[in-house]
Amino acid sequence: MNKSSIAIVAVLALAGGFAMSWIISSGKPIELEAGTWFGDQARALPEYELLDHNNQTLSRASLHGKWNLIFFGYTHCPDICPSSLQTLSDMVAVIEDPDVADALRVYFVSVDPERDKPEVLASYVGYFNPAFTGATAQMDKLKPLTRSLGIAHGIRNRVEGNPVYDVDHSAAIVLVNPKGEYAGLFGAPHDAVAMARDMTRIVEHN
Amino acid sequence: MQRFFLLLVLLLPATGFAQLEFSDAWIKNLPAAVPVRAGYLTIHNPRSRAVSIVALHSEAFASVEIHQTRMQDGMMRMDPVPNMTIAPGATVHLAPGGLHLMLMQPAQPTRPGEVRRITIEFDDGSMQTLELTVRK
Ligand SMILES: [Cu+2]
């Protein structure tokens, strides 16, 4: 190999290295086992204002600086919501790297604001994990957020004066990145171990 | 003749109507602020004919129904399953994300390790009582 071809190889290797690191920094090569990574399709959330289980405002800015996993449901849901929150709690327990665990926040947003007052949400999310945050808002404030995330929900069999009714809702888990952008989605059924691997991959690559 | 008839009546439950077999029966615990629980179990029908569940009762809950969670229009919804039928020789799993016992308004708060009893009434008029253990 002559000097010029060595130089070409060196330049190519260097360029390849740059390309590789550029791809990694833009998040493109992440393949998730349990969900979909939006890569450079990540988009900003609209402004919103929810009330969390400590009666504090939860806004778009509250999510900045952490990787946020958000599940939408309601406390009177006996099957899907407890299973999903248990999975999220198990996922946190399975993550081995404390820096990864520290970079994550888990939110339960109720789409049943009439029954899910902050004190109910506090005991509910605290049951699964004391670090989880519960939040909700009146429907007119909630809808713009869920609509922008593509999270479907609705109330069924509602009879005036009867506290028993059904709440249908998406079982997907939304991922919001530290810039407050919608960055990925985990569809049901959820797997704690696969999600833990995915979140470790995401946090370590970014 | 009368004695023979009595003997036949006594033998019937043991032969034609073997008991349904329940296993892995449990209740997912939730905090007291939530007035519903889900119960899960496996039911096996060893009989040579199908059997339907027509009613469920419990002193521990205001009402007990069988529900099914399913996905429709991108949403999870729950619907009652009245008269759930178990085919001859079949095994039905009530498990998270699918069929479950919908246990409404617990009479007492539930705690892991406790047991709750539910009586199941079948279409042939027979009844069986089931014990479910509350789990974390
Ligand atoms: Cu149900």
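Everything numeric here is computed off the predicted structure, so don't read it as measured data.

Caption draft 1: Seen up close, the confidence of the model for chain B. This prediction gives chain B a mean pLDDT of 90; 88% of its residues lie at or above 70. Scored as a complex, the prediction yields pTM 0.84 and ipTM 0.82.

Caption draft 2: Fine view of the packing of aromatic side chains. What the rule picks out here adds up to seven aromatic pairs over all chains. Judged by centre distance (5.1 Å) and plane angle (75°), the rings of F38 of chain A and Y182 of chain A are edge-to-face. With a gap of 144 residues between them, F38 of chain A in the loop between β1 (35–37) and β2 (43–44) and Y182 of chain A in strand β11 (residues 181–186) connect regions that are remote in the sequence. Through successive ring pairs, a cluster of aromatic residues spans F71, F108, Y124, Y127 and F128 of chain A. In this structure, R115 of chain A is placed above the aromatic ring of Y165 of chain A, and the distance from its NZ or CZ to the ring centre is 3.8 Å. The ring of Y127 of chain A carries K136 of chain B above its face, with NZ or CZ at 4.0 Å from the centroid.

Caption draft 3: Just the interface of chain B and chain A, in detail. Listed by partner, the interface residues are 26 residues for chain B and 25 residues for chain A. Across the interface of chain B and chain A, roughly 2000 Å² is buried in total on both sides, 62% from carbon and sulfur atoms. Where chain B meets chain A, there are one salt bridge. The closest approach of N and O atoms between D79 of chain B and R156 of chain A, which form a salt bridge, is 3.5 Å. On the surface where chain B and chain A come into contact, there are nine residue pairs in polar contact (both at pLDDT 80 or more). At the level of elements, β2 (36–44), β5 (75–80) and β8 (99–106) of chain B are the ones that each hand at least two residues to the side of chain B that touches chain A. Per-element tally for the side of chain B that touches chain A: the top contributor is β5 of chain B, with five residues. Considering only residue class, the side of chain B that touches chain A consists of 14 nonpolar, six polar and six charged.

Caption draft 4: Main features of the nonpolar core. One finds L50, W67, L69, L88, M91, L175 and M199 of chain A to be the most contacted residues of the largest nonpolar core, which totals 66 residues. In this structure, M91 of chain A is in contact with L69, L104, A192, M195, A196 and M199 of chain A, ignoring residues within four places of it in sequence. L41, A60, L99 and L101 of chain B belong to the second-largest nonpolar core, a separate cluster that totals 25 residues.

Caption draft 5: Structural context of the coordination of the copper ion. Residue and element names in this part refer to chain B. Taken together, H67 (ND1), M78 (SD), H100 (NE2) and M102 (SD) make up the full set of protein donors to the copper ion, lying 2.3 to 2.6 Å away. Seen from the copper ion, its four donor atoms lie at angles of 90 to 123°, and the figure they make is tetrahedral. Donor residues binding the copper ion come from one chain and are separated in sequence as H-x10-M-x21-H-x1-M. Here M102 lies in strand β8 and H67 lies in strand β4 (residues 61–72), a separation of 35 residues in the sequence. Take H67: its relative accessible area is 5%, and that puts it in the buried class.

Caption draft 6: Structural detail: the pattern of salt bridges. In the structure shown here, the tally under the stated rule is 18 salt bridges over all chains. The partner of R111 of chain B in a salt bridge is E114 of chain B, with the nearest N and O atoms 3.2 Å apart. The salt bridge involving R116 of chain B is made with E114 of chain B; its shortest N-O contact spans 3.0 Å. Classification of R116 of chain B as buried rests on a relative accessible area of 11%. For E114 of chain B, a relative accessible area of 22% gives the class partly exposed. Several salt bridges converge on common partners, so that one network encompasses R156, D166 and D168 of chain A together with R70, R77 and D79 of chain B.

Calculation criteria
Residues numbered from 1 in each chain as written. Chains lettered and ligands numbered in written order. Predicted model: local features only at pLDDT ≥ 70, side-chain atom pairs only at ≥ 80, totals over all residues. Heavy atoms only, no water. pLDDT = per-residue confidence, 0-100. Phe/Tyr/Trp six-rings, centres within 6.5 Å; stacked < 30°, edge-to-face > 60°. Helix = DSSP H or I, 4+ residues; strand = E, 2+ residues; numbered from the N terminus. Lys NZ or Arg CZ within 6 Å of the ring centre and 35° of its normal. Contact = heavy atoms within 4.5 Å. Buried area = accessible area lost by both parts, 1.4 Å probe. Salt bridge = Lys/Arg side-chain N within 4 Å of Asp/Glu carboxyl O. Polar contact = N/O pair within 3.5 Å; in protein donor to acceptor, adjacent residues only side chain to side chain. Nonpolar A, V, L, I, M, F, W, Y, C, P; charged D, E, K, R; others polar. Core = buried A, V, L, I, M, F, W, Y, C linked by side-chain atoms within 4.5 Å. Buried < 20%, exposed > 50% of the residue type's maximum accessible area, 1.4 Å probe, protein only. Donors = N, O, S within 2.8 Å, 3.2 Å for Na, K, Ca; no water. Tetrahedral: all angles 85-135°; square planar, octahedral: opposite > 155°, others 65-115°.

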